[in-house]
Amino acid sequence: MIIQDKTERLFTLQTRNTTYQFKADRNGVLLHTYYGPRIQGGDLSRLIRFADRGFSPNPNEVGDNRAYSLDTLPQEYSGSGAGDFRLSSLELELPDGSCVADLRYVDARQQSGKYTLEGLPAFFGSDSDADTLVVTLEDTAAQVRVELFYGVFEAYDLITRAVRIVNCGDTPVRLRRAASLCLDFPSANLDFITFDGGHVKERKPNRTHLRPGVQSVGSVRGISSHQHNPFVMLCQPGADEEHGICYGAALLYSGNFEAAVERCQFEDARLTMGIHPFHFCWKLEPGQVFTAPEAALVCSPAGFGQMSRQFHRAIRAHLLRDVWANRRKPVLVNSWEAFYFDYDHNRLLQLAKESAALGTELFVLDDGWFGHRDSDTSSLGDWWPNEEKLPGGLGALSKEINELGMEFGLWIEPEMVSENSRLYEEHPDWVLNPTGRPCTRGRCQLVLDYTREEVRDYIFHALQKVMDSANIAYLKWDMNRALTQVWSAALPSDRQGEVYHRYVLGVYDLLERVRQVNPNTLIEGCSGGGGRFDMGMLYYTPQIWCSDNTDAIDRLTIQYGTSFAYPPSTMGAHVSAVPNEQTGRSTPLETRGTVALSGTFGYEMVLGSLSDEEKALVVQQIAAYKESYDLIQTGDYYRLTAPSPDGAPTAWLHVSPDRRSALLCVVAGQTHAGPPFRLLKLQGLDPALQYRLTGDDTPWPGDVLMQAGYPLPMLNEYQSLRLWLKAE
Ligand code: GLA
């Protein structure tokens, strides 16, 4: 609900559990007054105090009032160069060379339903799901208007924000920074949690107390990156899964980003989030508009778990658009870790037959099917089947696979080109690289210039030809290197600072076209695993390959970190062979299944080489996936313990929305002789209900399981446990 007090110019956004408020003061400065647990409202600008602070200057309109400074007031969208020296949200370069952005309130309008952003991902919602508020600010000297968009999804405690910047003058203006989100906190006594790592070790949570100055994470790799995720949290120092106020902020964007927090001189704090300013410079001609990507906020008054569950619900209901979003996704078998590049038609068909016999439903042909690609050094861009490996092409293969009762899916990497390819021979200027500069290769490949429509058109038609040549139910859209030498032959020198962002817009544009023409195709996003696992991609691809690391024990940490913002239904998770390719570790098949079941499930191995006993277990796992799908994909997710390689087992719980059934998953890490007896406290159950647990005849009261705990059996190293809880 949005409550506007027009006389006071006071705006209160109420959600089920939170309140967000800001107010334009008598000078037209938009002050942020409150964000936190739900309160009745009233004008909270009374919380703000004024004092003469040395070296904090005073804006023109307050004359000699030295107690009024933009440097000390909490701002809703901070300017720059005009007296607020903290993190800026907007940086302008004006025709006379000055760099000032000083915004004042103009007006506000409200509408039912959620705003949309052309060409950019955004949460969506009808009149009954969401409300929109648009507040217009202006820098009159620069003749630049800024529209702050707010989307309020009451039931999910979700507040989305986006920003449109309009050049209302008659000369070009350059944007050097255009944050999507600015959020001021009255106290800097907060912890900052970021999700960091690298390739094969994505999204490990890291928590630090705010120290004076700016601390930030971001990406300048052209993708949101394996190294830092565009999702961060701030919380009270004592906050944990079940207690304390915490804030989650996500950017719906798949390119360069920056999330920065500043602990300021008066022990207040500011969070900004948006496109990274590295090599960002956007020229706005008179009348033109720039739209900063959407940011999404959830505040939880009761710990991290509630924040995550609100994000999960909102993503499932208001971000995933695919027809597959709420359907059970097929159990897949993927050729990559089974064969890498070493296959032909017969070998693939053999894998498909063996896998179909055990109950898998979708066969995914990964890298290596096109051009003359036998290794990762050639053929990207030549999107036609290698007839030597695949006589009769994809049509023949997919037909035979369909006859086995399986769907057929395909890997592609449409943003890339190999130098050793026909596409590169014909269009060497279609890559990102300044003329005359030697290129930098990544995985032996170059990046196509997706800012160019003709490039996207070419790829679209090449891809569509492939799609039309076979019955393709699934696409894995991969992207396997970071961007370098970012320069487009199609743009003038004063627009090269737009290339990073235009590239992302180009990717979104092509994904949207492919979706529109192939509405029933399930698309899985991927970037060397989880290099582009962000809410921007989820708008186009309802699931994303979580990591190239398929080791069940490492996956515990990766999926745990990912779950802070993203629901299990979006995490690609597969059972692979042991010893694991990435770690050399051997874990039981049962455990690999338990971990992969809490994602979009599949296998990535030669199932035919398993023993009869293991094959029987695969059949059971597939049955378990089908049985637990609704619960895992649509239920609530509770992190019961944090993964630790050398301590208590990792445990999590999926609970149905009516709390009548739940699935407890536990995986032991390294074990040592003489382990302690462990009582595991569950969460999210109905305290008044009696639950029957798998293999236990005496029911357990919900409150006992949550307050006293469940006595875990002794588990051997890497052993796992899956227990159903059913209310009587
Ligand atoms: C990336 C993906 C893998 C696989 C390979 C194929 O690394 O993450 O799953 O598809 O590419 O080259």
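These numbers come from a predicted model, not from an experiment.

## As for the site of the ligand
Now for step 1: Near the ligand lie 13 residues; those nearest to it are Asp-366, Asp-367, Arg-443, Lys-476 and Asp-548.
Now for step 2: In the model, an oxygen atom of the ligand is placed 2.6 Å from a nitrogen or oxygen of the Asp-366 side chain.
Now for step 3: Within the side chain of Trp-545, an N or O atom sits 3.4 Å from an oxygen atom of the ligand.
Now for step 4: Expressed as a share of its isolated accessible area of 300 Å², the protein-covered part of the ligand is 96%.

## Observations concerning the UniProt feature "domain: Glycosyl hydrolase family 36 N-terminal" (unreviewed entry) in the protein chain
Now for step 1: Under the feature "domain: Glycosyl hydrolase family 36 N-terminal" (unreviewed entry), the UniProt entry names residues 29-285.
Now for step 2: As a span, residues 29-285 carries 0% helix and 45% strand, and end to end its C-alpha atoms are 26 Å apart.

## A word on the packing of helix α9 (residues 552-562) against helix α10 (residues 589-597)
The description of two packed helices rests on the angle between their axes and on the distance between the axes.
Now for step 1: Their axes nearest at 10 Å, the elements α9 and α10 cross at an angle of 15°. Judged by the angle between their axes, α9 and α10 are roughly parallel. As α9 runs across α10, the sense of the crossing is left-handed. Seen from α9, the contacting residues are Ala-552, Arg-555, Leu-556 and Gln-559; seen from α10, they are Thr-591, Arg-592 and Val-595.

## Focus on the side chain of Thr-587
Now for step 1: Tracing the backbone shows Thr-587 in the loop between β28 (571-576) and α10.
Now for step 2: Each residue touching Thr-587, except ones within four places of it in the same chain, is listed here: Ala-552, Ile-553, Val-578, Arg-592 and Tyr-718.

## As for the UniProt feature "domain: Glycosyl hydrolase family 36 C-terminal" (unreviewed entry) in the protein chain
Now for step 1: Here, UniProt's "domain: Glycosyl hydrolase family 36 C-terminal" (unreviewed entry) annotation points to residues 650-725.
Now for step 2: What you have in residues 650-725 is 9% helix and 38% strand, and the ends, taken at the C-alpha atoms, are 18 Å apart.

## A few points about the nonpolar core
One broad trend across soluble globular proteins is that nonpolar side chains are buried collectively.
Now for step 1: Leu-365 and Trp-369 are the most contacted members of the largest nonpolar core, which totals 185 residues.
Now for step 2: With nine residues, helix α7 (residues 499-517) is the single largest residue contributor to this core.
Now for step 3: Setting aside its immediate chain neighbours within four residues, Leu-365 contacts Ser-335, Tyr-343, Leu-348, Leu-390, Leu-394, Leu-397, Phe-408, Gly-409, Leu-410 and Trp-411.

## Regarding the pattern of salt bridges
Now for step 1: Overall, the coordinates contain 47 salt bridges when judged by the stated rule.
Now for step 2: Note that Asp-366 and Lys-476 form a salt bridge whose closest N and O atoms lie 2.8 Å from each other. One end of the pair, Asp-366, is in the loop between β21 (362-365) and α4 (393-403); the other, Lys-476, is in strand β25 (residues 474-477), and 110 residues separate them in sequence. For the pair formed by Asp-366 and Lys-476, the shared burial category is buried.
Now for step 3: Between Arg-452 and Glu-454 there is a salt bridge; the shortest N-O distance is 3.0 Å.
Now for step 4: Owing to a relative accessible area of 10%, Arg-452 belongs among the buried residues under this scheme.
Now for step 5: One continuous salt-bridge network, built from bridges that share partners, spans Lys-283, Glu-285, Asp-494, Arg-495, Glu-498 and Arg-502.

## Comments concerning the packing of aromatic side chains
Now for step 1: Applying the stated criterion across every chain yields a total of 35 aromatic pairs.
Now for step 2: On the basis of an interplanar angle of 15° and a centroid distance of 6.0 Å, the ring pair of Phe-50 and Tyr-68 is categorised as stacked. Here Tyr-68 lies in the loop between β4 (30-37) and β5 (90-93) and Phe-50 lies in the loop between β4 and β5, a separation of 18 residues in the sequence.
Now for step 3: For Phe-50, a relative accessible area of 43% puts it in the partly exposed group.

## Considerations on the sheet that holds strand β6 (residues 104-112)
Now for step 1: Taking strand neighbours across the sheet as the criterion, the nine strands line up as β6-β7-β8-β9-β19-β15-β14-β11-β12 in an open arrangement whose pairing is antiparallel. Of all the strands in the sheet, just β6 and β12 (201-209) have a single pairing partner and so form its edges. Going across the sheet, the axis of each strand differs from the next one's by a mean of 20°, ignoring polarity.
Now for step 2: Where strand β9 (residues 158-167) meets strand β19 (residues 289-300), eight bridges bridge the pair, whose relative direction is antiparallel. Bridging across to β19, Thr-160 finds its partner in Ala-296.
Now for step 3: In this fold helix α1 (residues 303-318) packs onto β8 (144-153), β9, β11 (191-198), β12, β14 (231-235), β15 (246-251) and β19, with an angle of close to 135° to the strand it touches most, β19.

## Topic: the packing of helix α6 (residues 453-469) against α7
Now for step 1: At their nearest, the axes of α6 and α7 sit 11 Å apart, and the two run at 30° to each other. In terms of orientation, α6 lies roughly parallel with respect to α7. Where α6 crosses over α7, the handedness of that crossing is right-handed. For the pair α6 and α7, contact is made by Arg-456, Asp-457, Ile-459, Phe-460, His-461, Leu-463 and Gln-464 and by Gly-506, Asp-509, Leu-510, Arg-513, Val-514 and Val-517, respectively.
Now for step 2: A per-class count over the contact of α6 with α7 returns six nonpolar, three polar and four charged.

## Let's talk about the sheet that holds strand β35 (residues 700-701)
Either a parallel or an antiparallel arrangement is found when strands of a sheet pair, and the pairing is made through backbone hydrogen bonds.
Now for step 1: Reading across the sheet, the six strands line up as β30-β31-β32-β37-β34-β35 and stay open at both edges, with antiparallel pairing between neighbours. The open sheet has two edge strands, β30 (636-639) and β35, and neither has a second partner.
Now for step 2: Two strands pair when backbone bridges link them, and strand β34 (residues 690-693) and β35 are joined in this way by two bridges, in the antiparallel orientation. Across the sheet, residue Gln-690 finds its bridge partner in β35, namely Pro-701.
Now for step 3: Contacting β31 (650-655), β32 (661-667) and β37 (720-727), α10 runs over the sheet at an angle of about 50° to β37.

## Brief notes about the pairing of strand β10 (residues 173-185)
Now for step 1: Across the 13 residues of β10, eleven count as buried, placing the element largely inside the fold.
Now for step 2: Here β5 pairs with β10 via four bridges, running antiparallel. Pairing of Leu-90 across the sheet is with Ala-178, part of β10.
Now for step 3: Relative to strand β18 (residues 282-284), β10 runs antiparallel, the two sharing three bridges. Note on β18: the bridge partner recorded for Leu-175 is Trp-282.
Now for step 4: In this structure, β10 lies alongside strand β17 (residues 269-275), joined through six bridges in antiparallel fashion.

Basis of the calculations
- Residues numbered from 1 in each chain as written.
- Predicted model: local features only at pLDDT ≥ 70, side-chain atom pairs only at ≥ 80, totals over all residues.
- Heavy atoms only, no water.
- Near = heavy atom within 4 Å.
- Polar contact = N/O pair within 3.5 Å; in protein donor to acceptor, adjacent residues only side chain to side chain.
- Areas by Shrake-Rupley, 256 points an atom, 1.4 Å probe, with all protein chains shown as cover.
- UniProt positions renumbered as here; feature names shortened; annotations may be inferred.
- Helix = DSSP H or I, 4+ residues; strand = E, 2+ residues; numbered from the N terminus.
- Axes fitted to C-alpha atoms, helices over the stretch in contact; angles between N-to-C directions.
- Parallel < 35°, antiparallel > 145°, perpendicular 65-115°, else oblique.
- Left-handed = near helix turned anticlockwise from the far one by under 90°.
- Contact = heavy atoms within 4.5 Å.
- Core = buried A, V, L, I, M, F, W, Y, C linked by side-chain atoms within 4.5 Å.
- Buried < 20%, exposed > 50% of the residue type's maximum accessible area, 1.4 Å probe, protein only.
- Salt bridge = Lys/Arg side-chain N within 4 Å of Asp/Glu carboxyl O.
- Phe/Tyr/Trp six-rings, centres within 6.5 Å; stacked < 30°, edge-to-face > 60°.
- Pairing = 2+ DSSP bridges.
- Nonpolar A, V, L, I, M, F, W, Y, C, P; charged D, E, K, R; others polar.

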